[in-house]
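# Structural characterization, general
What follows is each chain in one-letter form.
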Amino acid sequence: LALSARATHSLGYVGPKKSGTLTHGIPVPDGLRHKAMTPVYLLRSALGEDPGARAYPGPTLELANDEMECGHRTLSRLCETTRQADANDPRVAVFANATRNKQLARDWWQPFIEAFTRIVPDCRIVEILPAFGKSMLDDRFPCFYSSDVRKMAAFIASLDAYGSADCGVMHLAWASGIPTVGFFNVT
C-alpha cells in the first residue's frame, strides 16, 4: 500500500519475512504480549521513543449515548423474559463459538454453566449467537444477535460481565469496557 500511494515517507516493519523498501523501517519486535500492541510499538519507535517507556493503551470503543441506551433497552427486554428478578441481579453474556481449535465443545460449556449458576444463582445469562444464528447452548437462555458491530458492542457494554473462548467477540467485549473473561485452550 505504501508503494502504491507513492508516499515520500513509509513506515513499517523490516525483517527476513518482509519485502519492499521503507524510508523508516523498524525491526520486528520480540516479546509483545498482544498483536494489538504492534502498531503502537511501530509509531513510538519511529518517533524515537522507547516503545516500552509508557503503558500501552487498551482498546476502547467510544459508543454514543443513544447507542448505549439502545443496548440497555435490548438487554432489559431480554432479561425480562427469563423470570421475575431483582434489577440488580448480575447480567452476564456468554458467546460459545470460536474458530477452529479455539472453540470449546458443548460438553465443556454444559458443566461450566451449571457450576457458574450454582455459584451465582441470581445471575441472568444471555447467549450471544454466532453469525449462523443457532444457539450453541441448546436455547437454554435468551439470545442476542446483531451483524452490526456497534450494536453488539453497546449490548455487551450494558452487561455486568462477559465470557467466551478466544475470539473476535471477546476482543469486542474487552474494548466495550466490561469485565471480560476469555477461556483459552490453545493460544
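Note that this is a predicted model, so its numbers are computed, not measured. (Residues numbered from 1 in each chain as written. Predicted model: local features only at pLDDT ≥ 70, side-chain atom pairs only at ≥ 80, totals over all residues. Heavy atoms only, no water.)

### Comments concerning the pairing of strand β3 (residues 91-95)
- Burial within β3 is extensive, with five of its five residues counted as buried.
- Where burial is concerned, the two faces of β3 agree: the one with Arg91, Ala93 and Phe95 and the one with Val92 and Val94 are both buried.
- Bridging between β3 and strand β4 (residues 124-128) involves four bridges; their strand directions are parallel. The partner of valine 92 across the bridge, within β4, is isoleucine 125.
- As a crossover connection, the stretch from β3 through helix α3 (residues 106-119) into β4 is right-handed. (Buried < 20%, exposed > 50% of the residue type's maximum accessible area, 1.4 Å probe, protein only. Helix = DSSP H or I, 4+ residues; strand = E, 2+ residues; numbered from the N terminus. Pairing = 2+ DSSP bridges. Right-handed = clockwise from strand over helix to strand, strands pointing away.)

### A look at the layout of surface pockets
- The calculated volume of the largest pocket comes to roughly 440 Å³.
- For the lining of the largest pocket, the elements supplying multiple residues, two or more each, are α5 (168-176) and β7 (180-183).
- It is α5 that contributes the most residues to the lining of the largest pocket, four residues altogether.
- For the lining of the largest pocket, a count of residues per class yields 11 nonpolar, five polar and one charged. (1 Å grid on protein atoms, 1.4 Å probe; cavity = no way out; pocket = protein on both sides within 12 Å on 5 of 7 lines; lining within 4 Å. Points joined across faces, edges and corners; volume = space filled by probe spheres on them. Nonpolar A, V, L, I, M, F, W, Y, C, P; charged D, E, K, R; others polar.)

### Thoughts on the pattern of salt bridges
- Counted by the stated rule, this structure contains five salt bridges.
- Across the salt bridge formed by glutamate 67 and arginine 150, the nearest N and O atoms sit 2.7 Å from each other. Highlighted residues: glutamate 67 in helix α2 (residues 65-80) and arginine 150 in helix α4 (residues 149-157), separated in sequence by 83 residues.
- Judged by its relative accessible area of 31%, arginine 150 is partly exposed. (Salt bridge = Lys/Arg side-chain N within 4 Å of Asp/Glu carboxyl O.)

### Description of a nonpolar patch on the surface
- Judged by side-chain polarity, Leu11, Leu43 and Leu47 come together as a nonpolar surface patch covering roughly 290 Å² of accessible area.
- As for its position among the elements, leucine 11 is in strand β1 (residues 11-14). (Patch = residues over 30% accessible without salt bridge, like charges linked within 9 Å, V, L, I, M, F, W, Y side chains within 5 Å. Areas by Shrake-Rupley, 256 points an atom, 1.4 Å probe, with all protein chains shown as cover.)

### Here's the deal with the nonpolar core
- Counting 37 residues, the largest nonpolar core has Ile128, Phe155, Ile156 and Tyr162 as its most contacted members.
- With six residues, α4 is the largest single contributor of residues to this core. (Core = buried A, V, L, I, M, F, W, Y, C linked by side-chain atoms within 4.5 Å.)

### So, the packing of aromatic side chains
- Counted according to the given criterion, the structure contains eight aromatic pairs.
- Geometrically, the ring pair formed by tryptophan 109 and phenylalanine 183 is edge-to-face, given 5.9 Å between the ring centres and 85° between the ring planes. Within this pair, whereas tryptophan 109 is found in helix α3, its partner phenylalanine 183 is found in strand β7, the two being separated by 74 residues in sequence.
- Taking the relative accessible area as the measure of exposure, tryptophan 109 reaches 1% and is therefore buried.
- For phenylalanine 183, a relative accessible area of 17% gives the class buried.
- Centroid distance phenylalanine 112 to phenylalanine 183: 5.0 Å. Interplanar angle 70°. Geometry classified as edge-to-face. In this pair, phenylalanine 112 is assigned in helix α3 and phenylalanine 183 in strand β7, connecting sequence segments 71 residues apart.
- Assessed through its relative accessible area of 25%, phenylalanine 112 is described here as partly exposed.
- One residue, arginine 44, lies across the ring of tyrosine 56, its end atom 4.9 Å from the ring centre. (Phe/Tyr/Trp six-rings, centres within 6.5 Å; stacked < 30°, edge-to-face > 60°. Lys NZ or Arg CZ within 6 Å of the ring centre and 35° of its normal.)

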